Amino acid sequence: MSQNEPGFNELLAAARHSAVHLEMRDSYGVGDEAEDFENWKRTGKRDVDPASEYWTPWVELIRSTAARGVVVRRARIVSEPVTDYIRYEHAGTVVNLHAGEQVRWLPRRQASDIALPGNDCWVFDGETVLFNHFSGDGNWSEPGWEVRTEAAVARLASTAFEAVWERGVPHEKYSV
């Protein structure tokens, strides 16, 4: 990956029609969530205030993206019973929805016949894929992302997302 390769914010800003996010891990250990996750595990309370310091940057980014007419969707493939991390994620998803995202959940057992990319990813306008790279413990690995624009790669990621989305359960109907 070159230092000139665009990151997430640049790719989202360039999106014209759609930005879709496929998540396939049962736990993440990214540093910017660690404190909030630990607090949730101790107290059972999740920050769901869209105006909080934790959420404001994301909410503003997604709202401005949606205001440009870009549809933002997120699909999560999860093992059941779900992990503590997925419970934490589920509890915070109300803010994703408030910001303008659409979110669905797919039990992993229902994804067995879907050809999936090897990594979580964002797909922008069905043309550009940003793969997220994580270490075994769920933290960002180096490099943290990789951008791919080959038609076959974009088609694989887009097709996988749409298959997961079609089978997925809308957040409002998915219980953990």
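Residues numbered from 1 in each chain as written. Predicted model: local features only at pLDDT ≥ 70, side-chain atom pairs only at ≥ 80, totals over all residues. Heavy atoms only, no water.

Trainee: Lay out unusual backbone geometry with the relevant residues and their values.
Mentor: Of note, the bond from E80 into P81 is cis; its omega dihedral lies within 30 degrees of zero at 0 degrees. Looking at the secondary structure, you find P81 in the loop between strand 2 (71-78) and helix 4 (84-99). Here the residue pair E142 and P143 is connected by a cis peptide bond, since its omega of -10 degrees sits within 30 degrees of zero. Relative to the helices and strands, P143 resides in strand 6 (residues 140-148). (Helix = DSSP H or I, 4+ residues; strand = E, 2+ residues; numbered from the N terminus.)

Trainee: Lay out the nonpolar core with the relevant residues and their values.
Mentor: Within the largest apolar cluster, 19 residues are counted, with the highest numbers of intra-cluster contacts made by L22, C121, V129 and V164. Counting residues per element, this core draws most heavily on helix 5 (residues 151-167), at 7 residues. (Core = buried A, V, L, I, M, F, W, Y, C linked by side-chain atoms within 4.5 Å. Buried < 20%, exposed > 50% of the residue type's maximum accessible area, 1.4 Å probe, protein only.)

Trainee: So, the packing of helix 2 (residues 31-43) against helix 4: which residues are in play, and what are the values?
Mentor: Packed helix pairs are specified by the crossing angle of their axes together with the interaxial distance, meaning the distance between the axes. Where helix 2 contacts helix 4, the axes come no closer than 11 Å and their chain directions differ by 100 degrees. With respect to each other, helix 2 and helix 4 are oriented roughly perpendicular. Facing E33, D36, F37 and W40 of helix 2, the residues of helix 4 in contact are D84, Y85, R87, Y88 and A91. A class-by-class count of the residues in the contact of helix 2 with helix 4 yields 5 nonpolar, no polar and 4 charged. (Axes fitted to C-alpha atoms, helices over the stretch in contact; angles between N-to-C directions. Parallel < 35°, antiparallel > 145°, perpendicular 65-115°, else oblique. Contact = heavy atoms within 4.5 Å. Nonpolar A, V, L, I, M, F, W, Y, C, P; charged D, E, K, R; others polar.)

Trainee: Can you lay out the pattern of salt bridges for me, pointing to particular residues and giving the numbers?
Mentor: Under the definition given, this model contains 14 salt bridges. In this structure, R16 engages E127 in a salt bridge whose closest nitrogen and oxygen atoms are separated by 3.4 Å. In this pair, R16 sits in the loop between helix 1 (8-14) and strand 1 (18-23) while E127 sits in the loop between strand 4 (121-124) and strand 5 (128-134), placing the two residues 111 residues apart along the sequence. Notably, a salt bridge pairs E80 with R109, separated by 2.7 Å at the nearest N-O pair. Here E80, found in the loop between strand 2 and helix 4, pairs with R109, found in the loop between strand 3 (102-107) and strand 4; they are 29 residues apart in sequence, far enough to count as distant. For E80, a relative accessible area of 34% translates into the label partly exposed. Classification of R109 as exposed rests on a relative accessible area of 58%. The structure contains a network of salt bridges with shared partners spanning E23, R74, R76, E89 and E101. (Salt bridge = Lys/Arg side-chain N within 4 Å of Asp/Glu carboxyl O.)

Trainee: Mind laying out the packing of helix 3 (residues 56-67) against helix 4, listing which residues take part and the relevant values?
Mentor: Between helix 3 and helix 4, the least distance of the axes is 8 Å, while the angle of their chain directions is 35 degrees. In this structure, helix 3 uses W58, V59, I62 and R63 to contact helix 4, whose residues at the interface are V95, N96, H98 and A99.

Trainee: Account for the packing of aromatic side chains, naming residues and giving values.
Mentor: Counted by the stated rule, this structure contains 16 aromatic pairs. Here the aromatic rings of W58 and W122 are separated by 6.2 Å at their centres, their planes lie at 55 degrees, and the arrangement is tilted. Here W58 is found in helix 3, whereas its partner W122 is found in strand 4, with 64 residues between them in sequence. Residue W122 is classed as buried on the basis of its relative accessible area, which comes to 4%. (Phe/Tyr/Trp six-rings, centres within 6.5 Å; stacked < 30°, edge-to-face > 60°.)

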